[in-house]
Amino acid sequence: MKNNQMTDFETKCVHSGMGEFEYGAVVPPIYQTSTFKFESAKHGAALFAGEEKGYIYTRMLNPTVEALENSIAELESGYKGLGCASGMAAVHTVFASLLQAGDHVVCSTAVYGPTNTLLGTIMKKFGVETSFVDTSNLEEVRNAVRPNTKIYYIETPGNPTLSISDISAIAEIAHANNSLLIVDNTFMSPALQKPIELGADIVLHSLTKFLNGHADVIGGIVVVKDEAMYKVFRKTLNQTGGVIDPFNSFLVHRGIKTLSLRMQRHCENAIKVAEFLEKHPAVNKVFYPGLKSHPQYELAKKQQLGSGGMITFELEGGESTLPNGSPSTVGGFEAGQLLMNSVKLCQLAVSLGGVETLIQHPASMTHYTMGRQAREAAGISEGLIRLSVGIENVKDIIGDLEQALEKVNQAANVF
Ligand code: LCS
């Protein structure tokens, strides 16, 4: 299908990145090969010199991988994508491509734990400084600028607090300071948010999550806006080697065909689960961008096409203790543990964005490496529980949470 016939996102999910393949294959074949034969020595030399287009070696480019890259670039309204071995490989590719010693980064406090650690420890070791600020507060974003600020890096909604940052406003601040805005769009997917259309320069994803959607792949992608940037990033990825492989690319590309349908169901289910939790007596606080009680409800409505499948909440319970002995100040961690141990349908596991509902505890799991101080600064309380709402029948999800919360209620006097 020609691009100009693909006006709607649903159609793009099905057809983007599909092209002309050998034998008339309708979907991209899995080119499970590490290397490609040259027609002659002259041809090989011309490919390496960039005088002819073609495939050389799968770390440099592979047709199955390229089909996926083209698909996501189209969904994100970008120029080209670069498939990476994981979401973290994508984050690293961005930093390694754009930063050097002496540069400064402004980053959201609420980001996936290892992104915080990558900037705060590893990039720091190479002479890059980072200011972690609450990017949902534009004053903090404006005040963080330094003469050497090179990039603004945001996750919106942030993992796991679901705080929302204003992409257009931060793009303006970044561009006024000759900096670039990078958005991790993992929690939304291009079905629900288009950062490049809102002014961002680079978008990245953990493909492991909603884009693949089936909890069976680790992958990542960076989408850039122009050829110059693409060349810089391709060189970094080629030389650092964190590329996605053909089979995983095939699986993610297959997952994307149902992205639009899945995201619709994730959103429909999540708002019902969030409303159920908000009314439940064992629950202290619920964070979901689709709830009017969310501090950036209006902004979410403005820049997102839906509220997504991620919910976080705190249980009633007051002072309690974590397994590592540190005190929990907000919400009851023991209550949370009891809840996580009592669910039957919801799976107690990290990751997110798959068809199945997952439950986990950020302070002891996904955001453990950040340390308590950084978590507190990011608003990640020790009692926070995160749900990735799947596409099951919502009555079953709510029923499972209800029976587990009942156990929490019954045990309430113990805490
Ligand atoms: N960005 C975000 C927003 C993420 O949530 C994750 C992973 C990554 C990047 C890194 O992606 P990966 O390398 O795992 O493909 N988030 C996870 C989480 O919240 N639970 O487990 C993994």
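1. Re the overall build of the protein
In step 1: Broken down by element type, the protein carries 14 helices and 14 strands.
In step 2: Relative to a compact globule of 415 residues, whose C-alpha radius of gyration would be 22 Å, the protein shows 22 Å and is just as compact.
In step 3: Dimensions of the protein, computed from C-alpha atoms along their principal axes, come out at roughly 80 × 50 × 40 Å.
In step 4: If you take every contact in the protein between residues at least 6 apart in sequence, the share linking residues at least 24 apart comes to 71%.
In step 5: By element, 53% of the accessible surface of the protein is carried by carbon and sulfur atoms, the whole surface being about 17,700 Å².

2. Brief notes about the packing of aromatic side chains
In step 1: Overall, the coordinates contain 4 aromatic pairs when judged by the stated rule.
In step 2: With 6.3 Å between their ring centres and 75° between their planes, F38 and F48 make a pair best called edge-to-face. Placement of the pair is F38 in the loop between α1 (9-15) and α2 (41-48) and F48 in helix α2, with a sequence separation of 10 residues.
In step 3: For F38, a relative accessible area of 36% puts it in the partly exposed group.

3. Some remarks on unusual backbone geometry
In step 1: Here T156 and P157 are connected by a cis peptide whose omega angle stands at -5°.
In step 2: Within the secondary structure layout, P157 lies in the loop between β4 (149-155) and α7 (167-176).
In step 3: The phi dihedral of S77 is positive, around 55°, even though this residue is not glycine.
In step 4: Relative to the assigned elements, S77 resides in the loop between α3 (63-75) and β1 (80-84).
In step 5: The backbone of S189 shows a phi angle near 70°, a positive value even though the residue is not glycine.
In step 6: Note on placement: S189 falls in the loop between β5 (180-184) and β6 (202-206).

4. Quick notes on the site of the ligand
In step 1: Within the structure, the ligand sits among 18 residues, and G87, D184, S206, T208 and R386 are positioned closest to it.
In step 2: Within the side chain of D184, one N or O atom sits 2.6 Å away from a nitrogen atom of the ligand.
In step 3: Here an oxygen atom of the ligand sits 2.8 Å away from a polar atom, N or O, in the side chain of S206.
In step 4: For the ligand, the accessible surface in isolation is 480 Å², of which the surrounding protein chains cover 93%.
In step 5: Grouping the amino acids of the shell around the ligand by side-chain chemistry returns 5 nonpolar, 9 polar and 4 charged.
In step 6: Two domains each provide a minimum of three residues to the shell around the ligand, namely domain 1 (12-256) and domain 2 (259-411).

5. Overview of the sheet that holds strand β7 (residues 220-224)
In step 1: Read across the sheet, 7 strands follow the order β1-β7-β6-β5-β4-β2-β3 without closing on themselves; strand pairing throughout is mixed. Strands with a single pairing partner mark the edges of an open sheet, and in this sheet they are β1 and β3 (129-133). With strand direction ignored, the average angle separating the axes of adjacent strands in the sheet is 20°.
In step 2: Pairing geometry for β1 and β7, over 5 bridges, is antiparallel.

6. Description of the pattern of salt bridges
In step 1: Using the criterion set out here, one finds 12 salt bridges in the structure.
In step 2: Taking the shortest distance from any N to any O, the salt bridge between E139 and R142 comes out at 2.9 Å. Within this pair, E139 and its partner R142 are both found in helix α6 (residues 138-143), separated by 3 residues, close to a single helical turn.
In step 3: By relative accessible area, E139 is classed as partly exposed at 45%.

7. Things to note about the domain arrangement of the protein
In step 1: Under the domain assignment used here, the protein contains domain 1 (12-256) and domain 2 (259-411).
In step 2: When each unit is reduced to the centre of its C-alpha atoms, the spacing between domain 1 and domain 2 is 27 Å.
In step 3: Taken residue by residue, the interface counts 40 residues in domain 1 and 42 residues in domain 2.
In step 4: Both faces combined, the contact of domain 1 with domain 2 buries some 3,000 Å², and carbon together with sulfur accounts for 64% of it.
In step 5: At the junction of domain 1 and domain 2, the tally comes to 1 salt bridge.
In step 6: Two residues, D166 and K302, come together in a salt bridge whose shortest N-O distance is 3.9 Å.
In step 7: Elements that contribute at least two residues to the side of domain 1 that touches domain 2 include exactly α5 (113-125) and α9 (246-256).
In step 8: The element contributing the most residues to the side of domain 1 that touches domain 2 is α5, with 4 residues.
In step 9: Residues of the side of domain 1 that touches domain 2, tallied by class, amount to 21 nonpolar, 17 polar and 2 charged.

The rules behind the values
Residues numbered from 1 in each chain as written. Predicted model: local features only at pLDDT ≥ 70, side-chain atom pairs only at ≥ 80, totals over all residues. Heavy atoms only, no water. Helix = DSSP H or I, 4+ residues; strand = E, 2+ residues; numbered from the N terminus. Rg over C-alpha atoms; globule rule 2.2 N^0.38 Å. Contact = heavy atoms within 4.5 Å. Areas by Shrake-Rupley, 256 points an atom, 1.4 Å probe, with all protein chains shown as cover. Phe/Tyr/Trp six-rings, centres within 6.5 Å; stacked < 30°, edge-to-face > 60°. Buried < 20%, exposed > 50% of the residue type's maximum accessible area, 1.4 Å probe, protein only. Near = heavy atom within 4 Å. Polar contact = N/O pair within 3.5 Å; in protein donor to acceptor, adjacent residues only side chain to side chain. Nonpolar A, V, L, I, M, F, W, Y, C, P; charged D, E, K, R; others polar. Domains from an automatic or database assignment. Pairing = 2+ DSSP bridges. Axes fitted to C-alpha atoms, helices over the stretch in contact; angles between N-to-C directions. Salt bridge = Lys/Arg side-chain N within 4 Å of Asp/Glu carboxyl O. Buried area = accessible area lost by both parts, 1.4 Å probe.

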